[in-house]
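# Residue-level structural notes
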Amino acid sequence: MRRDRAEAEQDGTPGGVGGTLSIAVELVTGRGQDWWPRPGRVFAASSAHTFADLAEAIDVAFGRRDLDHLRMFVLPVGIEVSWSAWRDGPAFPGTLDGRSRRLDLLHPGASFAYLFDLGEDWTHLCTARRAEDRWAEPPSRKPYPLHGWGAVPDQYGRTLPDDHALIRPARRTTAIRADLPPILPSWGTRR
């Protein structure tokens, strides 16, 4: 479902946080595993940055090297933002283009999801907040991590430098995801 900011504002979805944002990002799933406790990072970003800028910062902070994968943000009320780093062209049908869509769609307290590599299903819970006063100056170039916690898993499951991608059996533990907002089908409780 394609929606723009004007439509979101008309139906009561606030947008338009000006200035500096603090965006907490927690890794929920990836490579068939639920990550608990969830590793996370907090980013400083400007409402003028694009969703692609934020995705790049997340991917670097979570140690991803192979970035030629599909990405998507799923925002409240069904707004989807996507693009592909490996092709020039429009966003995926029915989505907003993350290379031009700015973070001003977000509002304080908004929870949204970031999906990286739709085949390996790296999902992240993101929460936008107004930045603390000590970070009142918006980052000018790109979003960047302020701090983080937890061990970040390797993108392909490698534990040693000469490891090849390890295939592990999928573990699905829905109890671990019960506290998540129902943004994605496998998250939280559906009403």
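Up top is the structure these notes are about.
Residues numbered from 1 in each chain as written. Predicted model: local features only at pLDDT ≥ 70, side-chain atom pairs only at ≥ 80, totals over all residues. Heavy atoms only, no water.

### Overview of the pairing of strand E3 (residues 40-46)
Along E3, seven of the seven residues are buried, which leaves the element largely enclosed by surrounding structure. Where strand E1 (residues 20-30) meets E3, seven bridges bridge the pair, whose relative direction is antiparallel. Each residue of the ladder has a partner; that of Val25, found in E3, is Arg41. As judged from the five bridges shared by E3 and strand E9 (residues 144-149), these two strands associate in the antiparallel manner. (Buried < 20%, exposed > 50% of the residue type's maximum accessible area, 1.4 Å probe, protein only. Helix = DSSP H or I, 4+ residues; strand = E, 2+ residues; numbered from the N terminus. Pairing = 2+ DSSP bridges.)

### Focus on helix H2 (residues 51-61)
Helical geometry: 3.6 residues make up each α-helical turn, so side chains three or four residues apart lie on a common side. Of all 11 residues in H2, nine are buried, a share of seventy percent or more. Residues of H2 that are buried include every one of Phe51, Ala52, Asp53, Leu54, Ala55, Ala57, Ile58, Asp59 and Ala61, and no others. Gly63 occupies a position one or two residues after H2 and carries a positive phi of about 75°.

### Considering the side chain of Ser82
The topology assignment puts Ser82 in strand E5 (residues 80-84). Judged by relative accessible area, Ser82 falls into the buried class, the value being 0%. Engagement of the side chain of Ser82 in a polar contact is seen with the side chain of Thr95, the distance being 2.6 Å. With sequence-adjacent residues up to four places away left out, Ser82 is seen in contact with Arg71, Met72, Ala91, Phe92, Thr95, Leu96, Asp97 and Gly98. (Polar contact = N/O pair within 3.5 Å; in protein donor to acceptor, adjacent residues only side chain to side chain. Contact = heavy atoms within 4.5 Å.)

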